[in-house]
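The chain contents come next:
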Amino acid sequence: MYSLDDFLGNARIIKGLKNMISSGRINHALILDAPEGFGKLTLAKTIAKTLQCAEGREVPCGHCFSCRSADSDENPDIVFVSGSKATLGVETVREEIIEKSALKPYSSRYKIFIIRDSQKMTEQAQNALLKTIEEPPSYGVYIFLTTNYNTFLDTILSRCTLLKLMGLPEEVIVGELLKRGLCTEDNARAISACCGGSLGRAVRLSGDEDFSRLREQAAHIPQRIEDADFMGLYDIMEDILKVDDRLTELLELLYMFYRDILVYAAGGEEHIIQKDYEKDIKTICGRVNMKRLFRGANAVFEAGRSVRMNVNKQMSIENMLFRIKER
Ligand SMILES: [Zn+2]
C-alpha cells in the first residue's frame, strides 16, 4: 500500500500535503513542477488516492473501493488528462476537464483531474480553463504536472499552489537501486552521479546496457589520450562523436573519471566513485601530474557545458582533447 509517507525525499512538500489533507482545507489547484523522472505522476496519484479514500485519513486504507480502484488507475473519479504529442489544446481541456467538472463524482468525495505535460497547454486552453480554476466546484481538484511552470499564464499561476519537487541525494538513489536489486553498487554509484537526482532516470539507466558500454568507453578515454599522437586524437574524437545523442552522458561519465583520478591522486582511494575501474584510475594517476589532471577535468566540464548549450559538437570535443593533451 503506497501512501504519502512512502514518497522519497521532498519532506517539506509531503508534510504540507499531509497537513492539507488532515485539516480538510484542500487546495483545489496544485502544480507539481519537476524535470522528468522526479515522481510527479506517482505523487499526484498518491494525493488523489489519499483524498478519495473512504476513511478520509492521511494514510489511505488500501482496501476500500476507492483505494483499490485508484491503485489500478480505474477510479472513476480520478481523471487523467493528456494532450497529443505536441500540445494540450483547448478541445481536450473543454472535453476532458471543463465538461467533466460539471458532473458530480460517482462514488468518491472528490473529482480529481491529473493533467499530464501541462507545459504543452496552449494559451487558449489555459484561458478556457481559467473560470474553472477560479471558481472550482466544491468537489473539484486539479493537479497539473509540468516540467516548466513558467509556461503557465500568470492568471492561472496565481490561483494554484506551486510545489517544486527537488531531486534526490545520490545516497538515496544508490540505496533505492540496491533495494530494488537493479544493479551492483559500483554501477549504482556511477548512475546516481549522472542522473541529476532523478530516480526515474536512474532506474532507466540501470537497465540500459548502452549505459554500461558508455561507462567503459569513458573509462578508457584518459588512457587513450595519453597514448595518442596528433592523429590519434582525431580517432578518439570520432569515437566520441559516434555516441551521438548520448554525448552529454558520455561527457558526464568522463568528468566523473577525471574527478576520481584526482581524488585518487590526492590519496583518497576510498572516496572514488567508480571502484570497479580502480585499476585504470591508478594507472592514469601514475602517468599524469596533478596540474594536467585539473586541466583535464576542467576541459571535460567545459566541453559538457558547450554541448548542452548547442555549441558545435566536433569543435567542443576537439578543443577538449587538445587541452587535455597539452603539456
Ligand atoms: Zn481507502
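Procedures and definitions
Residues numbered from 1 in each chain as written. Predicted model: local features only at pLDDT ≥ 70, side-chain atom pairs only at ≥ 80, totals over all residues. Heavy atoms only, no water. Donors = N, O, S within 2.8 Å, 3.2 Å for Na, K, Ca; no water. Helix = DSSP H or I, 4+ residues; strand = E, 2+ residues; numbered from the N terminus. Buried < 20%, exposed > 50% of the residue type's maximum accessible area, 1.4 Å probe, protein only. Salt bridge = Lys/Arg side-chain N within 4 Å of Asp/Glu carboxyl O. Lys, Arg positive; Asp, Glu negative; His and termini not counted. Contact = heavy atoms within 4.5 Å. Axes fitted to C-alpha atoms, helices over the stretch in contact; angles between N-to-C directions. Parallel < 35°, antiparallel > 145°, perpendicular 65-115°, else oblique. Nonpolar A, V, L, I, M, F, W, Y, C, P; charged D, E, K, R; others polar. Arc of directions from axis to C-beta. Core = buried A, V, L, I, M, F, W, Y, C linked by side-chain atoms within 4.5 Å. Pairing = 2+ DSSP bridges. Right-handed = clockwise from strand over helix to strand, strands pointing away. Domains from an automatic or database assignment. Phe/Tyr/Trp six-rings, centres within 6.5 Å; stacked < 30°, edge-to-face > 60°. Expected span 1.5 Å × (residues − 1).

*Asks:* Explain the coordination of the zinc ion to me, using residue names and the numbers behind them.
*Replies:* Octahedral metals with six donors have ideal donor angles of 90 or 180 degrees. Tetrahedral metals with four donors have an ideal donor angle of 109.5 degrees. Surrounding the zinc ion are the protein donor atoms Cys53 (SG), Cys61 (SG), Cys64 (SG) and Cys67 (SG), which sit 2.3 to 2.4 Å from the metal. Between consecutive donors of the zinc ion, the numbers of intervening residues give the motif C-x7-C-x2-C-x2-C. Of this pair, Cys53 sits in the loop between helix H2 (40-52) and helix H3 (65-71) while Cys67 is found in helix H3, placing the two residues 14 residues apart along the sequence. Judged by its relative accessible area of 0%, Cys53 is buried.

*Asks:* Give me the pattern of salt bridges: which residues, what numbers.
*Replies:* With the rule as written, the count across this model stands at 23 salt bridges. Note that Asp210 is salt-bridged to Arg213, the shortest N-O span being 2.6 Å. Taken as a pair, Asp210 and Arg213 lie in helix H10 (residues 209-227) at a separation of 3 residues, close to a single helical turn. We classify Asp210 as partly exposed; its relative accessible area is 39%.

*Asks:* Run through the side chain of Arg295, naming residues and quoting values.
*Replies:* Structurally, Arg295 is set in helix H14 (residues 290-308). Comment: no salt bridge for buried Arg295; closest opposite-charge side chain is Glu326, at 4.2 Å. Excluding residues within four positions of it along the chain, Arg295 makes contact with Arg323, Ile324, Glu326 and Arg327.

*Asks:* Describe in detail the packing of helix H8 (residues 185-194) against H10, supporting the description with residues and values.
*Replies:* In contact at an axis separation of 12 Å, H8 and H10 are set at 90° when each is read in the N-to-C sense. Classified by the angle their axes make, H8 and H10 are roughly perpendicular. Listed contacts from H10 to Asp186, Asn187, Ala190, Ile191 and Cys194 of H8 are Phe211, Ser212 and Arg215. For the contact of H8 with H10, the residue count by class is 4 nonpolar, 2 polar and 2 charged.

*Asks:* Account for helix H11 (residues 230-242), with residues named and values stated.
*Replies:* Of all the residues in H11, the buried ones are Gly232, Leu233, Ile236, Met237 and Ile240. For H11, the buried positions fall inside an angular range of 150° around the axis, keeping them on one side. Opposite the buried face of H11, by more than 90 degrees, sit the exposed residues Met231 and Lys242. As for H11, its buried residues are in contact with H10, helix H12 (247-265) and helix H15 (313-325). Positive backbone phi, at 60°, marks Asp244, one or two positions downstream of H11.

*Asks:* Help me get a handle on the nonpolar core, residues and values and all.
*Replies:* With 54 residues, the main nonpolar core has Ile225, Ile236, Ile240, Tyr258, Ile317, Met320 and Leu321 as its most contacted residues. Sorting elements by how many residues they give to this core places H12 first, with 12 residues. In this structure, Ala48, Ala70, Tyr110 and Leu145 belong to the second largest nonpolar core, which totals 27 residues.

*Asks:* Tell me about unusual backbone geometry, residues and numbers included.
*Replies:* Positioned with a positive phi, Asp73 is a non-glycine residue whose angle comes to about 55°. With respect to the helices, strands and loops of the structure, Asp73 is situated in the loop between H3 and strand E2 (78-81). According to the relative accessible area criterion, Asp73 is partly exposed, its value standing at 39%. In this structure, Asp244 takes a positive phi of about 60° despite not being glycine. Tracing the backbone shows Asp244 in the loop between H11 and H12.

*Asks:* Hey, could you go over the pairing of strand E3 (residues 111-115) for me, with residue numbers and the actual values?
*Replies:* In terms of burial, E3 is a largely internal element, 5 of the 5 residues being buried. Relative to E3, E2 is paired through 4 bridges, and the arrangement is parallel. Bridged to Val81 within E3 is Ile115. Handedness of the E2-helix H4 (residues 90-101)-E3 crossover: right-handed. Handedness of the β-α-β unit built from E3, helix H5 (residues 123-134) and strand E4 (residues 140-146) comes out right-handed.

*Asks:* Tell me what's going on with the domain arrangement of the protein chain, and back it up with residues and numbers.
*Replies:* When cut into domains, the protein chain gives domain 1 (4-164) and domain 2 (208-325). When each unit is reduced to the centre of its C-alpha atoms, the spacing between domain 1 and domain 2 is 43 Å.

*Asks:* Now, about the packing of aromatic side chains: what can you tell me, with residues and values included?
*Replies:* For the structure shown, the criterion picks out 7 aromatic pairs. Ring geometry for Phe113 versus Tyr142: centroids 5.1 Å apart, planes at 5°, classification stacked. Of this pair, Phe113 sits in strand E3 while Tyr142 sits in strand E4, and the two are 29 residues apart along the sequence. Accessibility expressed as a relative area gives 0% for Phe113, which makes it buried. Feature note: the residues Phe230, Tyr234 and Phe322 constitute an aromatic cluster, connected by ring pairs.

*Asks:* Explain helix H1 (residues 11-23) residue by residue, including any values.
*Replies:* The end-to-end C-alpha distance of H1, which contains 13 residues, comes to 18 Å, matching closely the 18 Å that a straight helix rising 1.5 Å per residue would cover. Within the sequence span of H1, burial applies to Ile13, Ile14, Leu17, Lys18, Met20 and Ile21. Relative to the axis of H1, the buried residues are bounded by an arc of 160° and lie together on one face. Opposite the buried face of H1, at more than 90 degrees from it, the exposed residues are Ala11, Arg12 and Lys15. Contacts made by the buried residues of H1 are with strand E1 (29-33), H2 and strand E5 (161-164). At the C-terminal side of H1, Gly24 shows a positive phi close to 80°.

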